[in-house]
2 protein chains.
Amino acid sequence: MEVVNKYVSLKHHVDGYPSESDFELSTTPLQPAPGSGEVIVKNLYLSIDPYQLDRMKRYSSSHTTCPAAAQIEPEQRIDAYGVGKVVASGRAELEEGDVVAGLLGWEQYTVVRPGTVLMKVDAKDLPLSCYASVLGTSGLTAFAGFYDVCKPKKGEKVFVSAASGSVGSLVGQYAKLSGCYVVGCAGSKQKVDLLKGKLGFDDAFNYKEEADLKSALRRYFPEGIDIYFDNVGAAMLEAAVANMNPFGRVAVCGAISEYTNAGKRAAPDLMDVIYKRITLRGFLALDYLHLHEQFSAATSDHLRRGRMTSLEDVSVGIESLPTAFVGLFRGDNVGKKLVRVGELEG
Amino acid sequence: MEVVNKYVSLKHHVDGYPSESDFELSTTPLQPAPGSGEVIVKNLYLSIDPYQLDRMKRYSSSHTTCPAAAQIEPEQRIDAYGVGKVVASGRAELEEGDVVAGLLGWEQYTVVRPGTVLMKVDAKDLPLSCYASVLGTSGLTAFAGFYDVCKPKKGEKVFVSAASGSVGSLVGQYAKLSGCYVVGCAGSKQKVDLLKGKLGFDDAFNYKEEADLKSALRRYFPEGIDIYFDNVGAAMLEAAVANMNPFGRVAVCGAISEYTNAGKRAAPDLMDVIYKRITLRGFLALDYLHLHEQFSAATSDHLRRGRMTSLEDVSVGIESLPTAFVGLFRGDNVGKKLVRVGELEG
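Residues numbered from 1 in each chain as written. Chains lettered and ligands numbered in written order. Predicted model: local features only at pLDDT ≥ 70, side-chain atom pairs only at ≥ 80, totals over all residues. Heavy atoms only, no water.

Draft legend 1. Region of the structure containing the packing of aromatic side chains. As enumerated under the stated definition, the model contains 30 aromatic pairs over all chains in all. Look at A:Tyr147 and A:Tyr174: their rings are 5.6 Å apart centre to centre, the planes differ by 65°, and that puts the pair in the edge-to-face class. Pair noted here: A:Tyr147 is in helix 2 (residues 137-149) and A:Tyr174 is in helix 3 (residues 168-177), with a separation of 27 residues, a long-range link. Exposure remark for A:Tyr174: the relative accessible area of 1% places this residue in the buried category. An angle of 80° between the planes, with centres 5.8 Å apart, marks the rings of B:Phe23 and B:Phe325 as edge-to-face. Here B:Phe23 is found in strand 2 (residues 23-30), whereas its partner B:Phe325 is found in helix 10 (residues 321-328), with 302 residues between them in sequence. (Phe/Tyr/Trp six-rings, centres within 6.5 Å; stacked < 30°, edge-to-face > 60°. Helix = DSSP H or I, 4+ residues; strand = E, 2+ residues; numbered from the N terminus. Buried < 20%, exposed > 50% of the residue type's maximum accessible area, 1.4 Å probe, protein only.)

Written as structure tokens, this is what we have:
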């Protein structure tokens, strides 16, 4: 039975802030007859991530350095992590009705190619959306970045930027579970309240209300910062380095403040880097697939026991996808931005 | 017998390029009667190092972050690593005539305070000057920075800036001994020839002749850079990061191009740092004293067997010290800058 597949693609490359008019919604017929090794998935929840903007640019150094950052061409299918339901399978280990997580796309149905990893999801006691957020790549990014890159010790002082975002909100919670002191920054009072309330951060502030980020961090960290989990880059990274303690570690995870402005760059003081023996390290979740089982077991357990919260911000329908994505750069989302493009039943 | 001690001090703090007129030569009488734990040393070779300029500034973030970077005040005694001869000892383990290496000063005689480490030098088969250069802090910096921070693997591609300088010239030689491919940059044809000839670098270039450092590095590293040993900061660091391979490592050792210009800062592309999973790490030799024995034994052996060269640039007399120091920032020195302030005999 042929289905109609709605998908969202780029009209043209995007430099600077994206807007809804950069995208278009199209339809294409889909014959649910998978080839050998292919799987046809009805998409349920898609993860909406800021790094995709870098892939939409006319030029970024990253396009040629890492397959995960490959440039997205106009009209091309846009891949995205998500959760879906198998509607037809050309793989022995998967059958119709199975729920899977993996690289899907900005569309209602994805033909998953042979070789692309799909993980079977046994979603009995946790909401399905969790597998696209806290138990998906955002979760693994937070887990690997915090534990492997930052190497936290109990009692250390941790600063997280974009702390109410998909990765930041989890880093802060892992840090609290590890006995660290955690301060986050975000872009609104509502988000700051959420960090201090629901997510249990020790403190939080609205960076838009701080004229001088260096002094702000000196106020929030009178004893200095040991770990900075960087999701924003630019001036915030500079201010964090200026306030770091000797042997401080910076996990360079994202640079959302730089994505929309090619001229914006972090220039941390190298005298700080040298004399405080600071390490700055870029990383990607895809290098940590060997940690997935450990991450998934530990995090599911935290969720079940109520020791962690999955903060999700869900839009409904493939039509809402452009706005969901564009909103990331306006700070519209509170927590992990997801789009529910389909329902499990039916 | 009272001696006259000539010493060099600052007239005032120095911002920007230093000049000879920023320093003054004074004399003070010295009674060679050490207190308990004190040692009076006649200085022979002093190590002249660019990082001291950072200490002479009116303000630098490093002044308060690390005792090794403590600000130098006008008229104050200026400490410096060097080699000297004990003329009077208040320590049981040292006696008159012993040759020692440690923190001395910009003067003819230094009263070494109790607790300050002095290492006995058994200089039978290697020139005494080696203990202030290749076997001194420059050597330990190169050894620890290259082996511990850069973690080289055979066949990796290594780029060294300020490659004919005290640390760079050694890093390049360690890299060759480790089976790496090494390219250095320096500021004159003479230095470039020396790197390719005497020091055995695979290639070298004069950065002053390159309008575009990024393209220059692309030419010298068509297969990309795995390790960048950074002595200069600013645009060279940016260009190196742009040309790095996945999992590249940057040892942030010095930033000579930034010392003389507070507005000059490296702003490497964070998209490169993230997608190529680059690590940038600042370090100081003083954290590696536990490696001193291993470093010293291995390096002495390389020198004896002619597998390493100690490139030294020696000025004579305490009066030459200001010019020796100022010359570092004009690129006058070729190799380790030393001042011979006294003779072993007499």
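Draft legend 2. Broad picture of the side chain of A:Lys337. All names here are of chain A. Here Lys337 lies in strand 15 (residues 336-340). A residue is classified by how much of its surface remains accessible, and Lys337, at 8% relative accessible area, is buried. If sequence neighbours within four positions are ignored, Lys337 has contacts with Leu46, Ser47, Ile48, Asp313, Val314, Ser315, Ala324 and Leu328. (Contact = heavy atoms within 4.5 Å.)

Draft legend 3. Local environment of the sheet that holds strand 10 (residues 203-206) of chain B. Read across the open sheet, the 12 strands follow the order 10(A)-9(A)-8(A)-11(A)-12(A)-13(A)-13(B)-12(B)-11(B)-8(B)-9(B)-10(B); overall the sheet is mixed. Looking at which strands have only one partner, the edges of the open sheet turn out to be strand 10 (203-206) of chain A together with strand 10 of chain B. Strand-to-strand, the axes of this sheet are offset by a mean angle of 15°, without reference to chain direction. Across three bridges, the pairing between strand 13 (residues 279-282) of chain A and strand 13 (residues 279-282) of chain B is antiparallel. From the neighbouring strand, A:Thr279 faces strand 13 of chain B, where its bridge partner is B:Arg281. The sheet contacts of helix 5 (residues 213-220) of chain A involve strand 8 (157-160), strand 9 (181-186), strand 10 and strand 11 (225-230) of chain A, and relative to strand 10 of chain A the element is tilted by about 160°. (Pairing = 2+ DSSP bridges. Axes fitted to C-alpha atoms, helices over the stretch in contact; angles between N-to-C directions.)

Draft legend 4. Just the packing of helix 2 of chain A against helix 3 of chain A, in detail. Residues and elements named next belong to chain A. Remark: helix 2 packs on helix 3, axes separated minimally by 9 Å, with the N-to-C direction vectors making an angle of 45°. Here helix 2 is positioned oblique relative to helix 3, judged by the angle of their axes. Crossing hand, helix 2 versus helix 3: right-handed. For the pair formed by helix 2 and helix 3, the contact residues are Ser138, Gly139, Ala142, Phe143, Phe146 and Tyr147 on the first element and Leu170, Val171, Tyr174 and Ala175 on the second. Tallied by class, residues from the contact of helix 2 with helix 3 come to eight nonpolar, two polar and no charged. (Parallel < 35°, antiparallel > 145°, perpendicular 65-115°, else oblique. Left-handed = near helix turned anticlockwise from the far one by under 90°. Nonpolar A, V, L, I, M, F, W, Y, C, P; charged D, E, K, R; others polar.)

Draft legend 5. Main features of the relation of the copies chain A and chain B. Superposition record for chain A on chain B: RMSD 0.0 Å, screw rotation 180°, translation along axis 0.0 Å. Accordingly, the operation relating the two chain copies is best matched by a two-fold axis. Residue A:Ala267, judged by its C-alpha, is the member of chain A lying nearest the rotation axis, at 2.1 Å. The share of interface residues of chain A whose copies in chain B are also at the interface is 100%, consistent with both copies meeting through the same surface. (Least-squares fit on C-alpha atoms with pLDDT ≥ 70 in both.)

Draft legend 6. The arrangement of the interface of chain A and chain B in detail. Taken residue by residue, the interface counts 41 residues in chain A and 42 residues in chain B. One can count four salt bridges joining chain A with chain B. Between A:Asp287 and B:Arg277 there is a salt bridge, with the nearest N and O atoms lying 2.6 Å from each other. The tally of links from chain A across to chain B stands at 11 residue pairs in polar contact (both at pLDDT 80 or more). Contributions of two or more residues to the side of chain A that touches chain B are made by helix 1 (51-56), strand 12 (244-252), helix 7 (256-259), helix 8 (270-275) and strand 13 of chain A. It is helix 8 of chain A that provides the largest number of residues to the side of chain A that touches chain B, a total of six residues. When its residues are assigned to classes, the side of chain A that touches chain B shows 23 nonpolar, eight polar and 10 charged. (Salt bridge = Lys/Arg side-chain N within 4 Å of Asp/Glu carboxyl O. Polar contact = N/O pair within 3.5 Å; in protein donor to acceptor, adjacent residues only side chain to side chain.)

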